[in-house]
Amino acid sequence: MSPYATGGGGTVLEHHFGAVMLSHLLTGAPVPGLGDHVTPIEVRFQARAVAAVDDYLVTGRAGNGALHRLSIAVRRRPRLAVGDSSSVELVRSFLATVQEQWTHLRAGRWHLALAVAAPFPRAASLQALTTAAAAAGAAGVFRSRAAEPGQLNKSAHRALSDLEVLIAAAVSGGAPESQVAPDILAWRLLAHLSVLELRLEGVRPVDRTAAVERLQPMAAREGTADGDALFSRLRECASDYAPAGATVTRESLLRALRGAPFVRDETPPASPARPRARRGRAAGSKLPRLLWSRTGRLRPHARQPHVHDGTLLAVDGHILHAFDAASGEPLWQPKSMGYDNQPPVDGTTVFTSSIGNTLRARDIRSGMETGPRIDKCAAGQAVCDRGTLYVPDLRGFLHAYDTASGQRLWSWPREPAASGFLETPRVIGDCVFVTWTSRDVPRPWTLQALDIERGRPRWAEPIRLAPAQCWVADVDRVHVVSPETGEEKPWLSTYDVHNGALLRQEQLPGLVVGVAAASRKTVHLAHQDGHVSSWNALTGEHRWTVRVAKALRARPVVAGEEVLVASWAPGRLFALDDATGAVVWNAPARPAASFEAPAYVAGSAAWAVSRAGVLQGWDLHTHRRLPGIEVELFWDPARQGIPQLWGGVLYVTTKNGSLHAIRLDESV
């Protein structure tokens, strides 16, 4: 419990407000001050342990996946006077957050709020100041506008003067940013502060009524009485959560409410078992289905396309094409870009590279530039994830930018002796993984995991190995396939993601093909000599190894309880039991030809394209062959990459530059 919200009815107000926050969490309704485009996903009570500002820290997720946070201080009627020690402490906590989270505040990912009990005499003055500060965009502009006649009334000028005096007192008492002038600190604070007037007490508590209205659809009978009872239960939960400083998610809150008669049970009904297809009939007989074909749009050997929210992006050497994924029609004139650079995408924005090592933000449907450019960067190694653009520069630094505002969130330098980043960073869970090479060291290949929020290394020392054949990671483990000096057969090394500690090393039966097929439980590897091996993803222990062919050139694919392996010699599709490695069934390519690309799983069918350019499929239940399609699908995996399945549709660029869209899954 915040000591500054207690006294009188402060505790009551805080618990009522906690219930309101829980109502937002339960219903997914936007929280004032956090952003109308942000869905709340977590509420932390008594947040002083993790943030400078008491009493609440609300976390939400925007549509692009970016996390937003709101620090809320609850004060019934703060005096905001220099002679009031609690007001000085309040301002000190706000200034500490401004210093600690300045990059996230500027990027619009962190927000501040002061929640007060209405009526609060200074609310209007403070709200006028916060509006003016946010609109000014800079301390100097705000100061000039505030000095103009008629811009602020006397109450607002008095509130601004009092705030600057409070800031000076807080700084002299040990608050951060002691080298920054009070007027600049005042602008920084006001530009990112919301004032929330709480109407939760008295005869007609309108904020409580609004919360009950939000809750009614979740009540058992959708009635006002049950909505009111649900809010009262949330009030009890808030009273329990506050002393413990609990962190609450929607899932944990639903567990706490389980069994209450006025709460609707959200447990989904058990879905009926999917009937097996009859052996006398080929399942999915209407598939595959050619949706569209486009010839002459791309040059021979253009890269395989990528799909982003209905837009198909195809890299063709120095040219980027954009097509409508549903029709195949071009969306905008092709754009020049860096050779073979796959552009990162965030929602409706694609970042294209251009001459001079520059990234340009473009609208993905129109191709028009939409934001500031990023200069002098390794544009071919940029990647987007959950609203953040990760891109190295030409000096060896990795930078993280907020894609919405263009603000840089953090920068991290690799080793001075490193020759450059080896590949595009990979973002997995709450880590961004980077690889580079170091000169004059016996193990030059280096891997490090950085925290996505701050860019700080997760491991005290990076992983150093001989050049890796491949590596995969999940939220718990990193698996690296790398040879030892003088040995032909590589080793599989398993590391802990959280501290980088080596957990286990096992020698593999042979060189690995492509990347691993990894899940939270298993890692499956295909080997050039025809072996397939399986490993425990958590411990790194060997599960089984079998030889299914003379040669393999495609990675395995997991399909439920089976592992699918499309082999080079002979040209067959093998289905292995995931538990034992035993061959459950297999089928030859027709006409006879090798498989160089992995299989595709769509619904209850497996599909593969042979070197003869034939797409063929098998029902995973009956193992019967499915009808093919009269389209020749020839491509060069080494130059063009492997086509991907996007939303049940396979998009393929052939050797002659034709582009095809083939539906493989009727259920999508």
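Our subject in this report is the structure included herewith. (Residues numbered from 1 in each chain as written. Predicted model: local features only at pLDDT ≥ 70, side-chain atom pairs only at ≥ 80, totals over all residues. Heavy atoms only, no water.)

## Re the environment of Arg-365
Put simply, the rule is: The way it works is that DSSP assigns letters per residue, a run of H or I at least four long becomes a helix, a run of E at least two long becomes a strand, and they are numbered from the N terminus. By definition, residues are in contact when any of their heavy atoms lie within 4.5 Å. Here a polar contact is recorded for every N or O atom pair within 3.5 Å, except that within protein the pair must consist of a potential hydrogen donor and a potential acceptor, and residues adjacent in sequence are included only if both atoms are side-chain atoms.
When you line up the elements, Arg-365 lands in the loop between β14 (358-363) and β15 (383-385). Excluding its chain neighbours within four sequence positions, the residues that come into contact with Arg-365 are Gly-310, Thr-311, Asp-324, Leu-331 and Trp-332. Of the polar contacts made by the side chain of Arg-365, one reaches the backbone oxygen of Gly-310; its length is 3.0 Å. One polar contact links Arg-365 to Thr-311, side chain to side chain, over a distance of 2.9 Å.

## Focus: the packing of aromatic side chains
This is how the line gets drawn: A pair of Phe, Tyr and Trp rings is counted when the ring centres sit within 6.5 Å of each other, with Trp represented by its six-membered ring. The angle between the planes then sorts it: under 30 degrees is stacked, over 60 is edge-to-face, the rest tilted. Only protein chains enter the area calculation, which uses a 1.4 Å probe; residues under 20% of their type maximum are buried, those over 50% are exposed, and those in between are partly exposed. Distance and angle both matter: a charge sits over a ring if NZ of Lys or CZ of Arg is within 6 Å of the ring centre and within 35 degrees of the ring normal.
For the structure shown, the criterion picks out 9 aromatic pairs. For the ring pair Phe-17 and Tyr-56, a centre distance of 5.4 Å and an interplane angle of 75° mean the geometry is edge-to-face. Taken together, the residues span a long stretch of sequence, with Phe-17 in helix α1 (residues 10-27) and Tyr-56 in strand β2 (residues 56-62) at a distance of 39 residues. The exposure classification of Phe-17 matches that of Tyr-56, with both residues buried. A ring pair is formed by Trp-412 and Trp-436, whose centres lie 5.7 Å apart and whose planes are at 55°; its orientation type is tilted. Of the two residues, Trp-412 is situated in strand β18 (residues 408-413) and Trp-436 in strand β21 (residues 431-438); the sequence distance between them amounts to 24 residues. Here Trp-412 falls in the buried class, since its relative accessible area comes to 10%. Every member of this aromatic cluster is reached through a ring pair, and the members are Phe-17, Phe-45, Tyr-56 and Tyr-241. For the cation-ring pair, Arg-188 lies above Trp-102, with the distance from its terminal atom to the ring centre recorded as 4.8 Å. Taking NZ or CZ as reference, Arg-426 lies 3.7 Å from the ring centre of Trp-471, over its face.

## Concerning the side chain of Asp-451
Note the cut-off: The convention is simple: Lys and Arg are positive, Asp and Glu are negative, and His and the chain ends are not counted. Put simply, a salt bridge is a Lys or Arg side-chain nitrogen that is within 4 Å of an Asp or Glu carboxyl oxygen.
Mapped onto the fold, Asp-451 is located in strand β22 (residues 445-451). Although Asp-451 lies buried, it forms no salt bridge, and the closest oppositely charged side chain, Arg-458, sits 4.8 Å away as judged by the N-O distance. A polar atom in the side chain of Asp-451 sits 3.0 Å from the backbone nitrogen of Arg-454. When neighbours within four sequence positions are excluded, Asp-451 is seen to be in contact with Trp-410, Asp-430, Arg-456 and Arg-458.

## A short note on helix α5 (residues 139-147)
Spelled out, the test is: What the arc describes is the spread of directions from the helix axis to the C-beta atoms.
All of the buried residues along α5 are Ala-139, Phe-142 and Ala-146. The arc that holds the buried residues of α5, viewed along the axis, is 65°, so those residues lie on one side. On its buried face, α5 sits against α4 (123-136), α6 (154-172) and α7 (182-191).

## Quick look at the nonpolar core
To keep things clear, this is the line we draw: By nonpolar core is meant a set of buried Ala, Val, Leu, Ile, Met, Phe, Trp, Tyr and Cys residues that side-chain atoms within 4.5 Å join together.
Counting residues in hydrophobic clusters, the biggest one holds 47 residues, and the most contacted among them are Phe-94, Leu-95, Leu-129, Phe-142, Ile-167 and Trp-187. Taken together, the elements giving at least two residues each to this core come down to α2 (85-100), α3 (102-106), β4 (110-117), α4, α5, α6, α7 and β5 (193-198). At 9 residues, α6 tops the list of elements feeding residues into this core.

## Some details on unusual backbone geometry
Note the cis peptide between Ala-118 and Pro-119, where omega equals 0°. The topology assignment puts Pro-119 in the loop between β4 and α4. Along the chain, Ala-569 connects to Pro-570 via a cis peptide bond; the corresponding omega equals 0°. Tracing the backbone shows Pro-570 in the loop between β33 (562-566) and β34 (572-577). Although it is not a glycine, Asp-340 sits at a positive phi angle of roughly 60°.

## Observations concerning the packing of α6 against α7
Let me state the cut-off plainly: Axis definition: a line fitted to C-alpha atoms, over the contacting stretch in the case of helices. Angles run 0 to 180 degrees between N-to-C directions. Reported orientations rely on four angle classes, namely roughly parallel under 35 degrees, roughly antiparallel over 145, roughly perpendicular from 65 to 115, and oblique for the rest. Residue classes follow a fixed rule: Ala, Val, Leu, Ile, Met, Phe, Trp, Tyr, Cys and Pro count as nonpolar, while Asp, Glu, Lys and Arg count as charged, and any other residue, Gly among them, counts as polar.
For the pair α6 and α7, interaxial distance at closest approach is 9 Å and the crossing angle is 110°. Taken as axis vectors, α6 and α7 run roughly perpendicular relative to one another. Mapping the contact onto sequence places Leu-160, Leu-163, Glu-164, Ile-167, Ala-168 and Val-171 in α6 and Pro-182, Asp-183, Leu-185, Ala-186, Leu-189 and Leu-190 in α7. Here the contact of α6 with α7 is built from residues that sort into 10 nonpolar, no polar and 2 charged.

## Considering the pattern of salt bridges
Any two side chains of opposite charge can pair, on the condition that their charged atoms come close. Per the counting criterion, the structure on display carries 27 salt bridges. Between Glu-369 and Arg-360 there is a salt bridge; the shortest N-O distance is 3.3 Å. On the basis of relative accessibility, which here comes to 22%, the residue Arg-360 falls in the partly exposed class. A single salt-bridge network, built from bridges that share partners, covers Arg-360, Glu-369 and Arg-373.

## Observations concerning the pairing of β4
Along any regular strand, the residues point their side chains to alternate faces of the sheet. The following threshold applies: DSSP-based pairing: two strands are paired if at least 2 bridges between them are found.
With respect to burial, β4 is a largely interior element, 8 of its 8 residues being buried. Covered by surrounding structure in β4 are Trp-110, Leu-112, Leu-114 and Val-116 together with His-111, Ala-113, Ala-115 and Ala-117, the residues of both alternating faces. The pairing of strand β3 (residues 67-74) with β4 spans 6 bridges and is classified as parallel. By the bridge assignment, Ile-72 is partnered in β4 with Ala-113. When β4 meets β5, the two strands line up parallel, connected through 6 bridges. Its bridge partner being in β5, Val-116 is matched across the sheet by Glu-197.

## Section: the sheet that holds β2
Read from one edge of the open sheet, 6 strands run β5-β4-β3-β2-β1-β6, paired in mixed fashion. The sheet is open, and its two borders are formed by β5 and β6 (247-249), each paired with just one other strand. The sheet shows a mean angle of 25° between the axes of neighbouring strands, direction not considered.

## With respect to the environment of Glu-236
Here Glu-236 lies in helix α9 (residues 224-244). Judged by relative accessible area, Glu-236 falls into the partly exposed class, the value being 44%. Distance in space between the C-alpha atoms of Glu-236 and Arg-143 is 46 Å, their sequence separation being 93 residues.

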